[in-house]
Amino acid sequence: MKQHPNQPQHRQRAIASITTMLLASTVLITMIFMGLALIFEYSSIAQNPPTRTPTADNNTAGPAPTHRINSEGIPAGTPIAIVSSINPTGQYSLCTTGFTITDKKGGKWAITAGHCGKLGDHVYIFNGADNPLPPTPIGQITVTGVGDTSTEHNPSSDWSAIKLNDTTQPEGIMGLSSDIPTMISYASHSQPGTQVCKWGITTGKTCGNIEQNNVLVRAEGDNGMAFYTRTTEAAMCSEKGDSGAPVYTSSLIIGILSSTTTPQGQKCGPNSKTEYTPTSTIIRSLNNATGLFTTEQTQTS
């Protein structure tokens, strides 16, 4: 049988046409599957959002609340003498006030270290060893964070609250620093490396960096008190009489001085450490004891 000269050309065209159709079908099927895959993926994402590891610390999600201290009470850094209510022999413990705050009823409270005195002790302004104590106390230690059963496993908190008399005025007070802030912080801890200062009646203003939080120490007072307490430690100088002093940053009082590594009767050295009780611990504990304070952000005059 003789082959038609055009038949090969027809077959080539037919094969090319079939190939084109197969390619088109393959592309179409691929697009359909891709579309279905996208629909499935969208549906899966909508129902099960991808998990992300959070980068923000929930404990530091916002600024810590602050509280303005009262300017009409006893200023931060005031020298005070605490006389025992049980055995008032004329002897006294010499300490420093950390700050004064006002309760919900308008009462004023000065805060100092807990080891400075005991419940019921009378507190006087101290105007120098050459001057007698004033005839009238400024108030009494009414609440304290120092417990009778303090142990390593159940530590106390080294602070006391002095309920000020209604007639107490800050007149005639010596030795105060003008750069002590007028706000206190409710932050539980401050970052190690932060520079802080303190103003105490013995060594005045000294500064250093925070080294560690939540340090367990054994505190001892002149009145025979000895107890365990948890504090924050900073590399700065303090000595006897500075107890209760305000510890502060450039804008906030963050604690009151509790103890020092400086041996009693000696002067501070270059490696001296100071421990302080955070203000957040004080305000929270004081409110738990009295119900008269707020632990939320507050502005008062």
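Let me sum up the structure you'll find in this document.

Quick notes on the rules
- Residues numbered from 1 in each chain as written.
- Predicted model: local features only at pLDDT ≥ 70, side-chain atom pairs only at ≥ 80, totals over all residues.
- Heavy atoms only, no water.
- Helix = DSSP H or I, 4+ residues; strand = E, 2+ residues; numbered from the N terminus.
- Buried < 20%, exposed > 50% of the residue type's maximum accessible area, 1.4 Å probe, protein only.
- Areas by Shrake-Rupley, 256 points an atom, 1.4 Å probe, with all protein chains shown as cover.
- Disulfide = S-S within 2.5 Å.
- Phe/Tyr/Trp six-rings, centres within 6.5 Å; stacked < 30°, edge-to-face > 60°.
- Lys NZ or Arg CZ within 6 Å of the ring centre and 35° of its normal.

### Thoughts on the overall build of the protein
On a plain count of helices and strands, the protein comes out with two helices and 15 strands. Taking all 301 residues of the protein together, the buried fraction comes to 42%. If you sum the accessible surface of the protein, you get close to 17100 Å²; carbon and sulfur atoms cover 53% of it.

### A word on unusual backbone geometry
With a phi close to 60°, N214 is a non-glycine residue in the positive phi region. Within the secondary structure, N214 is located in strand β11 (residues 204-220). Take N214: its relative accessible area is 45%, and that puts it in the partly exposed class.

### Concerning the state of the cysteines
Scanning all chains against the criterion turns up three disulfides. The disulfide bridge from C95 ends at C116, spanning 2.0 Å between sulfur atoms. Judged by the sign of its S-S torsion, about -100°, the bond between C95 and C116 is left-handed. Taken together, the residues span a long stretch of sequence, with C95 in strand β3 (residues 93-96) and C116 in the loop between β5 (108-112) and β6 (122-125) at a distance of 21 residues. An identical accessibility class is assigned to C95 and C116; each is buried. Two residues, C237 and C268, share a disulfide whose sulfurs are 2.0 Å apart. Disulfide C237-C268: torsion about the S-S bond near 80°, hence right-handed.

### Focus on the packing of aromatic side chains
The geometry of an aromatic ring pair comes down to the distance between the two centres and the angle between the two planes. Overall, the coordinates contain two aromatic pairs when judged by the stated rule. A centroid spacing of 5.8 Å and a plane angle of 55° characterise the contact between Y92 and F126, whose relative ring orientation is tilted. Here Y92, found in the loop between β2 (79-83) and β3, pairs with F126, found in the loop between β6 and β7 (139-144); they are 34 residues apart in sequence, far enough to count as distant. Their ring planes at 75° and their centres at 5.9 Å tell us that W109 and F293 sit as a pair that is edge-to-face. Placement of W109 in strand β5 and of F293 in the segment after α2 (279-290) is noted, with a sequence separation of 184 residues between them. F293 matches W109 in its accessibility class, with the two residues each being buried. Of note, K163 hangs over the ring of W109, and the distance from its end group to the ring centre comes to 5.8 Å.

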